[in-house]
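So you can see what is in the structure, the chains are spelled out below.
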Amino acid sequence: MNPILDDNNTSVSFFKNEVQKFVKDRNWTKFHTPKNLIQALSIEVSELSEIFLFKDISLGTIKDDKQLLENISDEIADVFIYLLSLVNSINLDLTSAFSKKMEKNKDKYSIDEFNNGSYHKL
Ligand SMILES: [Mg+2]
């Protein structure tokens, strides 16, 4: 991986292509069905959740504990990788899906109704 890359200069297509190449190079495409990828994604989310299980981990704790931050970072990356592989497997344009859903969310949670710090309509 190129160490110069970061969130400010990396496109979605770069990530999608990297994951696709990783899968193809190992001849894993046949295993990357939507069902398998959704299950793998769920397991990775659980691994992320497990880090926090029965612990009182605050934002300050995460910032101060390099090993903890690395463990969280690794699991977030696993979630992202499986999500990208799922996106690849169904040939989804992630940017279009994001844009469409954000518009729906803006309609569903209008600023006028949800600007009071609550997740619920009053
Ligand atoms: Mg993992």
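Cut-off values and rules
Every chain is numbered independently, its residues counted from 1 as its sequence is written. With pLDDT at 70 or above as the cut-off, local features in this predicted model cover only qualifying residues; side-chain atom pairs require 80 or more to be listed or tallied, and sums for whole chains, interfaces and linings still use all residues. A fitted line through C-alpha atoms represents every axis, and for helices the fit uses only the stretch in contact; the resulting angles, taken between N-to-C directions, go from 0 to 180 degrees. Runs of E in the DSSP output that reach at least two residues are strands. Runs of H or I that reach at least four are helices, and both are numbered from the N terminus. Just so you know how the angles are binned, under 35 degrees is roughly parallel, over 145 roughly antiparallel, 65 to 115 roughly perpendicular, and the rest oblique. Take the far helix as your reference; a near helix turned counterclockwise from it by less than a right angle gives a left-handed crossing, and one turned clockwise gives a right-handed crossing. What counts as a contact is two residues whose backbone-derived C-beta atoms lie within 7 Å of each other. In this classification, the charged set is Asp, Glu, Lys and Arg, the nonpolar set is Ala, Val, Leu, Ile, Met, Phe, Trp, Tyr, Cys and Pro, and all remaining amino acids, among them Gly, are polar. In this scheme every C-beta is placed from the backbone, and a residue whose C-beta has 20 or more other C-beta atoms within 10 Å is buried, one with 12 or fewer is exposed, and one in between is partly exposed. Domain limits in this description derive from either an automatic procedure or a database domain assignment.

Caption draft 1: Fine view of the packing of helix 2 (residues 34–52) against helix 4 (residues 66–89). It is at 9 Å that the axes of helix 2 and helix 4 come closest, and there the two elements cross at 165°. Overall, the two elements helix 2 and helix 4 adopt an arrangement that is roughly antiparallel. Here helix 2 runs over helix 4; the crossing is left-handed. Listed contacts from helix 4 to Pro34, Leu37, Ile38, Ala40, Leu41, Glu44, Val45, Glu47, Leu48 and Ile51 of helix 2 are Asn71, Ile72, Glu75, Ile76, Asp78, Val79, Tyr82, Leu83, Ser85, Leu86 and Ser89. Within the contact of helix 2 with helix 4, the residues separate by chemical class into 14 nonpolar, three polar and four charged.

Caption draft 2: Expanded view of unusual backbone geometry. With a phi close to 60°, asparagine 27 is a non-glycine residue in the positive phi region. Its location among the elements puts asparagine 27 in the loop between helix 1 (12–25) and helix 2. Phi angles above zero are rare outside glycine, and phenylalanine 54 is one such case at about 60°. Note that phenylalanine 54 resides in the loop between helix 2 and helix 3 (59–64).

Caption draft 3: Structural view of the environment of leucine 94. Here leucine 94 lies in helix 5 (residues 94–108). Classification of leucine 94 by C-beta neighbours within 10 Å gives partly exposed; the count is 16. With sequence-adjacent residues up to four places away left out, leucine 94 is seen in contact with Val12 and Val87.

Caption draft 4: Inspection of the domain arrangement of the chain at higher detail. With domains assigned, the chain is organised as domain 1 (13–91) and domain 2 (93–122). One C-alpha centre belongs to domain 1, the other to domain 2, and the line joining them spans 25 Å.

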